[in-house]
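What follows is each chain in one-letter form.
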There are 2 protein chains.
Amino acid sequence: MTKFPLIASLVALMAACPLSAQEPEKKEYPSPNAIVDAAPASDWKAIAASDLLVMDLAPDAKGEARRVVIQLMPPPFSQGWIGNIRKLAAAKFWDGTSINRVQDNYVVQWGDAGYDNPESGETEQKALPEGLEVVPESEYSAQIIIRDRDKFLAKIDRSFRKRDQYASAKFFLQGWPLASEYVQHTPIQICDDQGECKPAPADYYKEAAWPIHCYGAVGVGRNLSPNTGSGAELYTVIGHAPRHLDRNIAVVGRIVEGIEHLSSLPRGKGQLGFYADASKRVPIQSIRLGNDLTEAERPKFEYLETDSKAFAQYADARANRRDPFFIKPAGGTDICNIPVPVRRVNAD
Amino acid sequence: MTKFPLIASLVALMAACPLSAQEPEKKEYPSPNAIVDAAPASDWKAIAASDLLVMDLAPDAKGEARRVVIQLMPPPFSQGWIGNIRKLAAAKFWDGTSINRVQDNYVVQWGDAGYDNPESGETEQKALPEGLEVVPESEYSAQIIIRDRDKFLAKIDRSFRKRDQYASAKFFLQGWPLASEYVQHTPIQICDDQGECKPAPADYYKEAAWPIHCYGAVGVGRNLSPNTGSGAELYTVIGHAPRHLDRNIAVVGRIVEGIEHLSSLPRGKGQLGFYADASKRVPIQSIRLGNDLTEAERPKFEYLETDSKAFAQYADARANRRDPFFIKPAGGTDICNIPVPVRRVNAD
């Protein structure tokens, strides 16, 4: 059967397993989840209601509610599209639109699927609200100033930062997985919130950084370049991270609750997973910004600060699983295999 | 909002895009799918019926059939478990068992969920067939002999092979994505199928290689080490590649058709995504080896040879998307983002 010179017999490699060789007394290693559970309250940071987008789908076949909650990205990433999304939510643009694409191992997409006007014979789109920005492709990435010893970089094994298959570097910033490439060392000006600037020390440098397409990332559907999409058509990733989309489409956020209401939908049978049969579309009742809901209605979430010691321990444990089930730590991981812990604060 | 010195304004980076700078005449690049479609018939290799496992689930709520087809791995990988799986299929062990776990962004698992005997008060498991092998952990990887200029390595950009975040190397062999680590250079004996051995040239070396957990990979559920599972409980990956499981659980195959019948199932609400409510389990009508079906019933598939020129072009295009939708090729990819093309030969 094989064309290559293969040794048929399988040879034991576990004899060199560091767990048994280096640790005469068996140490109990906590699981990544246990590390997260043990993180002090001070390592958790609240997500502002204004950064949440709450999507209510029509109830399912059994009448059960389906709510999906999205967290929008912080500046300086994708803010043009996020501004549009805030306007679209305020205008209730998505109410009455639908989930209209479900492609296995790829994306679920929603927005206006168009209405086939029987009189004109044309597909008509819902009117967009006034004042949406046309965002240039340059905003697929943003320049940031960092230095290698910044705390959000240093606490995770340095080799982690420099090993990525889609970019020169990867890291976490303010709870978000990012990739980047080097732009420039000194001279760099660092400016504060008041616009006061001063020269940066020599170990600071500029990178171009961009948000990446991990499972649950939310992005902006678009037509061919130079179109970048308005934000009216959104999608989320429901499969292996399609990171070839990084810097080709805007990532604006991630799903923090309820992705199962999207990922478990029947796959579309049309091209690219669009529902060929319009009756399969799932109606969207409403999409609202968290701060447009009443205080009682608002879902509250917090994320584990990615510059915290607990997060560094968690990331290390994801890359080196040593909890009881595991026998061989990988010694590394890709950034999408370290989902940033997000938890609900209030009860449902 | 930000704690870090960030430049608020976003700067255009696309000016340096090689597409516009280096190619005054716009060249049309084919998409990965177009490359696959154009591959010559000789690059496609039939999958033996004896390497297919055909799982028929109970029809869905609308009475539609649900068939899932799995391809088993070739030697020397995971053959102990695969031998067990062949015996389990021949004994019709899985008939009447169920899909009993669906964990979002992780796995769907099936097999015997146990029967709660009301008289004894105990959960009883279905009896396993005679003659199943107890497979040692050493079989999570297999030793192979390769050399860098082997055709299955050389046609893909060399940097691809050496960039992996979970292993020293990654490559494709006989249609399968694998990871590996170096074991030994000379002296190595190369043996043929008749057991005749001779010393290998100096550029041959041994690696320990193992199959990896990409989307759709099928693995063997197990209890805590040193248990390795019999093969009676199987799972498939329905999310981002959980490659921390590599070398910790046996990978025995992959789903080549019908994964949507598993990936779109409702997520289980019990621990680890098990269905807390037993009525949610999806009955398995039967699992059969392809060669146990009649010739007319047998599904026929073929895969694109991973040592073909077409596959190398396809892999390169996956890593460097330049088809019309894309504006920024990534210049790299992880191995699970290059799914090996598999196609059906006969009509349904």
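Residues numbered from 1 in each chain as written. Chains lettered and ligands numbered in written order. Predicted model: local features only at pLDDT ≥ 70, side-chain atom pairs only at ≥ 80, totals over all residues. Heavy atoms only, no water.

**Observations regarding the packing of aromatic side chains**
Residues and elements named next belong to chain A.
- Scanning all chains against the criterion turns up 12 aromatic pairs over all chains.
- Relative to Trp94, the ring of Phe93 has its centre 6.1 Å away and its plane inclined at 75°; by these criteria the two rings are edge-to-face.
- The exposure class of Phe93 is buried, given its relative accessible area of 3%.
- Centroid distance Phe325 to Phe326: 5.6 Å. Interplanar angle 75°. Geometry classified as edge-to-face.
- Of the residues examined, Phe325 reaches a relative accessible area of 24% and is grouped as partly exposed.
- Given a relative accessible area of 6%, Phe326 falls into the buried group.
- Clustering of aromatic rings is evident, with ring pairs tying together Phe172, Phe311 and Tyr314. (Phe/Tyr/Trp six-rings, centres within 6.5 Å; stacked < 30°, edge-to-face > 60°. Buried < 20%, exposed > 50% of the residue type's maximum accessible area, 1.4 Å probe, protein only.)

**Here we look at the interface of chain A and chain B**
- The interface of chain A with chain B comprises 84 residues on the first partner and 84 residues on the second.
- Summing the contributions of chain A and of chain B, the shared interface buries around 7,600 Å²; its carbon and sulfur component is 58%.
- At the junction of chain A and chain B, the tally comes to 2 salt bridges.
- We note a salt bridge from Lys269 of chain B to Glu64 of chain A, for which the minimum N-O separation is 3.8 Å.
- Viewed at the interface, chain B and chain A are joined by 25 residue pairs in polar contact (both at pLDDT 80 or more).
- For the side of chain A that touches chain B, the elements supplying multiple residues, two or more each, are strand E8 (142-146), strand E9 (169-173), strand E13 (205-211) and helix H6 (260-263) of chain A.
- For the side of chain A that touches chain B, the element with the highest residue contribution is E8 of chain A, accounting for 4 residues.
- Here the side of chain A that touches chain B is composed, by residue class, of 41 nonpolar, 18 polar and 25 charged. (Contact = heavy atoms within 4.5 Å. Buried area = accessible area lost by both parts, 1.4 Å probe. Salt bridge = Lys/Arg side-chain N within 4 Å of Asp/Glu carboxyl O. Polar contact = N/O pair within 3.5 Å; in protein donor to acceptor, adjacent residues only side chain to side chain. Helix = DSSP H or I, 4+ residues; strand = E, 2+ residues; numbered from the N terminus. Nonpolar A, V, L, I, M, F, W, Y, C, P; charged D, E, K, R; others polar.)

**Thoughts on the relation of the copies chain A and chain B**
- The operation relating chain A to chain B is a screw motion whose rotation component is 180°, with 0.0 Å of axial translation and a residual RMSD of 0.1 Å. A rotation of that kind, with that shift, is consistent with a two-fold axis.
- Comparing interface residues between copies, 100% of those in chain A also sit at the interface in chain B, which points to an isologous, same-surface contact. (Least-squares fit on C-alpha atoms with pLDDT ≥ 70 in both.)

**Here's the deal with helix H3 (residues 79-90) of chain A**
Residues and elements named next belong to chain A.
- With 12 residues, H3 ought to run about 16 Å at 1.5 Å a step, and its terminal C-alpha atoms sit 16 Å apart, in line with that.
- Listed as buried for H3 are Gly80, Trp81, Ile82, Asn84, Ile85, Leu88 and Ala89.
- Buried residues along H3 sit in contact with strand E2 (52-57), strand E3 (66-72), strand E14 (217-220), strand E15 (234-237), strand E16 (251-257) and strand E17 (282-289). (Expected span 1.5 Å × (residues − 1).)

**Examining the pairing of strand E5 (residues 107-111) of chain A**
Residue and element names in this part refer to chain A.
- The buried fraction of E5 is high, at 5 of 5 residues.
- Alternating residues of E5 divide into Val107, Gln109 and Gly111 and Val108 and Trp110, and every residue in both groups is buried.
- Note that strand E4 (residues 98-102) and E5 share 4 bridges and pair antiparallel. Among the inter-strand pairings, Val102 is bridged to a residue of E5, identified as Val108.
- Counted between consecutive antiparallel strands, the loop separating E4 from E5 contains 4 residues, among which Asn105 sits at a positive phi close to 55°.
- Relative to E15, E5 runs antiparallel, the two being bridged by 4 bridges. (Pairing = 2+ DSSP bridges.)

**Observations concerning the side chain of Arg101 of chain A**
- As for its placement among the helices and strands, Arg101 of chain A is situated in strand E4.
- In this structure the side chain of Arg101 of chain A is engaged in a polar contact, spanning 2.7 Å, whose partner is the backbone oxygen of Leu272 of chain A.

**Some remarks on the pattern of salt bridges**
- As enumerated under the stated definition, the model contains 26 salt bridges over all chains in all.
- Its salt-bridge partner being Arg86 of chain B, residue Asp51 of chain B comes within 3.3 Å of it at the nearest N-O pair. One end of the pair, Asp51 of chain B, is in the loop between strand E1 (44-46) and strand E2 (52-57); the other, Arg86 of chain B, is in helix H3 (residues 79-90), and 35 residues separate them in sequence.
- Between Arg267 of chain B and Asp104 of chain B there is a salt bridge, with the nearest N and O atoms lying 2.7 Å from each other. On the criterion of sequence distance, the pair formed by Arg267 of chain B in the loop between helix H6 (260-263) and strand E17 (282-289) and Asp104 of chain B in the loop between strand E4 (98-102) and strand E5 (107-111) is long-range, its members being 163 residues apart.
- A single network of salt bridges, built from pairs that share partners, joins Asp164, Arg243 and Asp246 of chain A.

**Notes on helix H7 (residues 309-319) of chain A**
All names here are of chain A.
- Extensive coverage of H7 is indicated by the burial of 8 of its 11 residues.
- Among the residues of H7, those classed as buried are Ala310, Phe311, Ala312, Tyr314, Ala315, Ala317, Arg318 and Ala319.
- As for H7, its buried residues are in contact with helix H2 (32-38), E9 and strand E18 (301-304).

**What about the environment of Phe160 of chain B?**
Residue and element names in this part refer to chain B.
- Here Phe160 lies in helix H5 (residues 158-162).
- Assessed through its relative accessible area of 10%, Phe160 is described here as buried.
- Separated by 173 residues in the primary sequence, Phe160 and Thr333 place their C-alpha atoms 7.8 Å from one another.
- Excluding its chain neighbours within four sequence positions, the residues that come into contact with Phe160 are Lys170, Phe172, Thr333, Ile335 and Ile338.

**Some details on the environment of Ile35 of chain A**
Residue and element names in this part refer to chain A.
- Relative to the helices and strands, Ile35 resides in helix H2.
- The class for Ile35 is buried, based on a relative accessible area of 11%.
- Through-space distance from the C-alpha of Ile35 to that of Ala310 is 6.7 Å; in sequence the pair is 275 residues apart.
- If near-sequence neighbours (up to four positions away) are discounted, Ile35 is found in contact with Pro30, Ala310, Gln313, Tyr314 and Ala317.

By themselves, these are just geometric observations and shouldn't be taken as functional.
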